[in-house]
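One letter stands for each residue in the lines below.
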Amino acid sequence: MNKLFGLALEALDFTVRPILCRVPMGAPEGGPRTHQALIVTIEDCDWLADAGFPGPAPIAPLRIDTKEQQIVGHDVFRLRADPASGDLVLERRNEDEWFALFGIDRAVALPPDFEGASFICARWDRMSFPSVLMMTSEGRATLLNRKLRLTRSQFKDHAFVKRLHPRSLRRRIA
């Protein structure tokens, strides 16, 4: 998805650099760099843009050059330096704690890097993609196998549907 997003931004004359990110999703450290995101430069300022990370990710770009909290919709994010990996870790505020989403660096990623990352995501048994059904709708409705979660705001209004039948999916997220 971010490949297409990047091509669209380039067609609009933005400066775009694709990167590969480590995804801890709350764990103490991330795994291999398998998630593609974009660094978009606008008027000499770099922004993190990501149209392909589901669930708790920001739905609008974040400035990379600040350590201040950034508010996107009802959610609060920050980029924190991780001395162990050298990454800038994107975190989302969840009630009283910060939740690590993914770590970025500014290393150049080439087409073979993305092909390798895609292969790992699709085939490695330690990745969830080969065996888990996932879907998101603007980060507010997420489906994990047959478990649907509807989020109305960052801190409350979560609804869980434990046994979702495929024909009721459209009605629930519409």
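Our subject is the structure that appears above.
Residues numbered from 1 in each chain as written. Predicted model: local features only at pLDDT ≥ 70, side-chain atom pairs only at ≥ 80, totals over all residues. Heavy atoms only, no water.

**Side note on the nonpolar core**
Here is step 1: Ranked by internal contacts, the top residues of the largest apolar core, which has 16 residues, are Ile19, Leu48, Leu90, Phe102 and Ile104.
Here is step 2: Those elements that provide at least two residues to this core are strand E1 (15-22), strand E2 (33-42), strand E6 (75-81) and strand E8 (97-104).
Here is step 3: Element by element, the count of residues in this core is highest for E8, at three residues.
Here is step 4: When neighbours within four sequence positions are excluded, Phe102 is seen to be in contact with Cys21, Arg22, Val23, Pro24, His35, Ala37, Leu48, Asp50, Phe53, Leu88, Val89 and Leu90. (Core = buried A, V, L, I, M, F, W, Y, C linked by side-chain atoms within 4.5 Å. Buried < 20%, exposed > 50% of the residue type's maximum accessible area, 1.4 Å probe, protein only. Helix = DSSP H or I, 4+ residues; strand = E, 2+ residues; numbered from the N terminus. Contact = heavy atoms within 4.5 Å.)

**A few points about the pairing of E6**
Here is step 1: Pairing analysis gives three bridges linking strand E5 (residues 70-72) to E6, with the strands arranged antiparallel. Bridge assignment links Val72 to a residue of E6, and that residue is Asp75.
Here is step 2: Hairpin remark: E5 followed by E6, antiparallel, with two residues in the connecting loop; positive phi at Gly73, about 60 degrees.
Here is step 3: Of the strand pairs in this sheet, E6 and strand E7 (residues 88-94) are connected by five bridges, and their pairing is antiparallel. Looking across to E7, one finds that Ala81 is bridged to Leu88.
Here is step 4: Linking E6 to E7, which pair antiparallel, is a turn of six residues; within it Gly86 sits at a positive phi near 80 degrees. (Pairing = 2+ DSSP bridges.)

**Focus on the pattern of salt bridges**
Here is step 1: According to the stated counting rule, one finds eight salt bridges in the structure shown.
Here is step 2: For Asp105, the salt bridge is made with Arg33, and the minimal N-O distance between the two is 3.2 Å. Here Asp105, found in the loop between E8 and helix H2 (111-123), pairs with Arg33, found in strand E2; they are 72 residues apart in sequence, far enough to count as distant.
Here is step 3: Between Glu91 and Arg80 there is a salt bridge whose closest N-O contact spans 2.9 Å. (Salt bridge = Lys/Arg side-chain N within 4 Å of Asp/Glu carboxyl O.)

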